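As a plain string of letters, each chain reads:
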Amino acid sequence: MSGERIRKKNQAKKAGSRRPVCGATPIPSAPALPPSSKPFSPLDWLRSVSIYKLAICLLLPAALIGLLALPQSAQLPALVTLAIAVLACVLSQLVLSRKAGAPLSLSEPALISGLIIGSVLAPDTPPLLVALICAIAMLTKRLLRIRHVPLFNSAALGLLLGGLLLGTQDAWWASASTPVLSALLALSALVLSWKLKRLPMQFAFLAAWLALWGAAAASAGNAPAPSFFLGSLPLYLMAFMLLEHTTSPMRPSWQILYGGLVAAAAFAIVLSSFQMEAILVALLAGNALTKLLLFLPGTPSSAPAAGAGVELCLGKADLAEGSTRCVSAGGRNFSLVRMSGKYYCVDNACTHMGGPLCKGSVGELNAYTITCPWHHSVFDLRDGQVLRGPAQESLRRYEVSVRNGQLYIRA
Ligand code: FES
């Protein structure tokens, strides 16, 4: 063997045995294509459609049926209110995204907020007030956050603040108690809860709601009409507001607590105020409780203690805005993303079939999503939730901290 070849061989061996100076190492390359593709089936479609698209597909017919149930003179104003609300929410979100430097795209969550606000507000609400309520909803969603996740259901908060500050009235016309609408809302609640894995929460809410109103009716000796406590309004709340994945808990035990407490608070408030829209207060109180639970010791998403965490071989300047990096630390692989100046870290392996998420794209559904390169499942970087299948399991996410310009995760 020539001297030159021996020298090159030794160099290669030396490079191979070199230890990284800290925990981050490149991840071995993964195939860019999926190992196989499955034949289409309706159940697969239901699994794979994004939760946002599914919610929109269910909200629209609910609004249409509610519209037809209104007196003829109120139908056109209700349609105008709905259109303005959708437009105002989407535009407000675009303006806020532009200000934050996030990619500009049609925001499905904003569209959903617009559909809910437009379907709840009284049809004769002045257009300017409708637009203002939507702007308030989108702004508070952006401002009131804990650990990058919205604190409150934006539509509920917008509607409540609209009533308090602007004197607007809620009519909940897309939850009129007609048999067809009630059936659609019950189906929506079931399907969306199944997709979001929030069935324990919904059952807890329904059980507590029925038990409390049933007990009240029995003790008064004068049973209220079933439509009062089993009408479409609680079903609408369950289907489209209670189970919003960013403002409701993920753990089954917390879901049961959350569903039961929201039902109890709603019962107490409605009973004392005789206003069904006061139910929004109970929902927002439940949202706040969810975020308080995150601070309990031992919570998986608790922030790392000062000094704790695994150091990555990355400085904060090494990750460009809107980009993704594959890193490994402590023998595990992660996908690290920088978005709007903040860092997000999730397991690198997609929960569907292990696709390499760090090779996927970010910002497809909204600024905080990552898409698997294999079968295009979409996950929310802020809480790891599946937003579009075929993946069914959430991703584990990790808090990222920056100390002395270096990135750390709690792994
Ligand atoms: S591996 Fe199939 S969607 Fe990620």
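Along every chain, residues carry numbers that run from 1 in the direction the sequence is written. Per-residue local features of the predicted model are confined to residues with pLDDT of at least 70, and side-chain atom pairs are confined, for both listing and counting, to 80 or more; whole-chain, interface and lining totals are unaffected and use all residues.

### Thoughts on the overall build of the chain
Going by this rule: Only DSSP runs of H or I with at least four residues qualify as helices, and only runs of E with at least two residues qualify as strands; both kinds are numbered from the N terminus onward. Whether a residue is buried, exposed or partly exposed is read from the other C-beta atoms within 10 Å of its own C-beta, which are placed from the backbone; 20 or more gives buried, 12 or fewer gives exposed, and intermediate counts give partly exposed. Residues are treated as contacting if the C-beta atoms built from their backbones sit within 7 Å of each other.
Looking only at helices and strands, the chain has 13 helices and 13 strands in total. Per-residue burial for the chain yields a buried fraction of 43% across its 411 residues. The contacts of the chain with a sequence gap of at least 6 include a subset with a gap of at least 24, amounting to 67%.

### Overview of the nonpolar core
Defined as follows: Any set of buried Ala, Val, Leu, Ile, Met, Phe, Trp, Tyr and Cys residues joined through C-beta atoms within 7 Å is what this text calls a nonpolar core.
Ala 85, Cys 89 and Ile 117 are the most contacted members of the largest nonpolar core, which totals 107 residues. It is helix H11 (residues 232-242) that provides the largest number of residues to this core, a total of nine residues. When near neighbours in sequence (up to four residues on either side) are disregarded, Ala 85 contacts Gly 114, Ile 117, Gly 118, Leu 121, Val 130 and Cys 134.

### With respect to the sheet that holds strand E8 (residues 369-371)
Operational definition: Pairing between two strands requires that DSSP report at least two bridges joining them.
Read from one edge to the other, the open sheet built from four strands follows the order E7-E8-E9-E10, with strand pairing classed as antiparallel. Strands at the two margins of the open sheet, each flanked by one partner only, are strand E7 (361-362) and strand E10 (386-388). In this sheet, E8 lies alongside E7 in antiparallel orientation, the contact comprising two bridges. Its bridge partner lying in E8, Val 362 is registered against Ile 370.

### Quick notes on unusual backbone geometry
Within the chain, Trp 172 stands out as a residue other than glycine whose phi angle is a positive 50°. Inspection of the secondary structure puts Trp 172 in the loop between helix H7 (154-166) and helix H8 (179-196).

### Overview of the packing of helix H3 (residues 51-69) against H8
Note the threshold: The axes are straight lines fitted to the C-alpha atoms, using for helices just the contacting stretch, and the angles between their N-to-C directions are given from 0 to 180°. Roughly parallel refers to an angle under 35 degrees, roughly antiparallel to one over 145, roughly perpendicular to one between 65 and 115, and oblique to any angle outside these ranges. Each residue receives one of three labels: charged for Asp, Glu, Lys and Arg, nonpolar for Ala, Val, Leu, Ile, Met, Phe, Trp, Tyr, Cys and Pro, and polar for the others, Gly being one of them.
Closest axis-to-axis distance for the H3/H8 pair is 10 Å, and the angle between their directions is 170°. Regarding the angle of H3 to H8, the classification is roughly antiparallel. For the pair H3 and H8, the contacting residues are Ile 51, Leu 54, Ala 55, Leu 58, Pro 61, Ala 62, Ile 65, Gly 66 and Ala 69 in the first and Val 180, Leu 181, Leu 184, Leu 185, Ser 188, Leu 192, Lys 195 and Leu 196 in the second. For the contact of H3 with H8, the per-class residue count stands at 14 nonpolar, two polar and one charged.

### Points about the pairing of strand E6 (residues 342-347)
For E6, a buried count of five out of six residues is recorded, marking the element as mostly surrounded by other parts of the structure. Note that strand E5 (residues 332-339) and E6 share six bridges and pair antiparallel. Residue pairing across strands places Leu 336 opposite Cys 345, the latter belonging to E6. Connecting E5 to the antiparallel partner E6 that follows it, the hairpin turn spans two residues, and Ser 340 within it adopts a positive phi of roughly 50°.

### Some details on the environment of Ala 62
With respect to the helices and strands, the residue Ala 62 is situated in helix H3. On the basis of neighbour counts, which here come to 25 C-beta atoms within 10 Å, the residue Ala 62 falls in the buried class. For the pair formed by Ala 62 and Val 180, sequence separation is 118 residues and the distance between their alpha carbons is 9.3 Å. Residue contacts for Ala 62: discarding those within four places in its chain leaves Ala 174, Leu 181, Leu 184, Leu 185 and Ser 188.

### Let's talk about H8
Going by this rule: Here the expected length of a helix is defined as 1.5 Å per residue gap, with one fewer gap than residues. Relevant arc is that of directions from the helix axis to the C-beta atoms, nothing else.
Taking 1.5 Å as the rise per residue, H8 with 18 residues should run 26 Å; its terminal C-alpha atoms sit 26 Å apart, in good agreement. Among all positions of H8, only Leu 181, Ser 182, Leu 184, Leu 185, Ser 188, Ala 189, Leu 192, Ser 193, Lys 195 and Leu 196 are buried. Seen from one end, H8 has its buried residues packed into an arc of 165°, which puts them on one side. Looking one or two places after H8, you find Lys 197, whose phi comes out positive at around 55°.

### Describing the packing of helix H6 (residues 127-143) against H7
Condition: Two helices crossing with the near one rotated counterclockwise from the far one by less than a right angle form a left-handed crossing, whereas a clockwise rotation gives a right-handed crossing.
In the contact formed by H6 and H7, the axes pass within 8 Å of each other and the chain directions differ by 130°. By the angle class used here, H6 and H7 are oblique. Seen from above, H6 lies across H7 with right-handed handedness. When H6 is examined against H7, the residues Leu 129, Leu 132, Ile 133, Cys 134, Ile 136, Ala 137, Met 138, Thr 140 and Lys 141 are found in contact with a partner set consisting of Ser 154, Ala 155, Leu 157, Gly 158, Leu 159, Leu 161, Gly 162 and Leu 166. Residues belonging to the contact of H6 with H7 are distributed by class as follows: 12 nonpolar, four polar and one charged.

### Here we look at the environment of Ser 154
Checked against the element boundaries, Ser 154 lands in helix H7. The exposure class assigned to Ser 154 is buried, which follows from the 29 C-beta atoms found within 10 Å. Residues Ser 154 and Gly 114, 40 residues apart in the sequence, show an inter-C-alpha distance of 9.9 Å. Beyond its immediate sequence surroundings of up to four residues, Ser 154 is in contact with Ser 113, Ala 137, Met 138, Thr 140 and Lys 141.

### What about the confidence of the model for the chain?
The condition that has to hold: Within a predicted model, pLDDT stands for the predictor's per-residue confidence, ranging from 0 to 100.
Scored by pLDDT, the chain has a mean of 77; 75% of the residues are at 70 or more. H6 holds the highest mean pLDDT among the elements of the chain, 92, whereas helix H1 (residues 3-17) holds the lowest, 48. Counted against residues more than four places away or in other chains, residues 12-30, with its pLDDT under 50, gives 26 contacts.

### Brief notes about the environment of Ile 279
Checked against the element boundaries, Ile 279 lands in helix H13 (residues 279-293). Assessed through the 26 C-beta atoms surrounding it within 10 Å, Ile 279 is described here as buried. Once the C-alpha coordinates of Ile 279 and Leu 237 are considered, the two residues, 42 residues apart in sequence, prove to be 8.8 Å apart. Aside from chain neighbours lying at most four places away, what touches Ile 279 is Leu 237, Ala 266, Ile 269 and Val 270.

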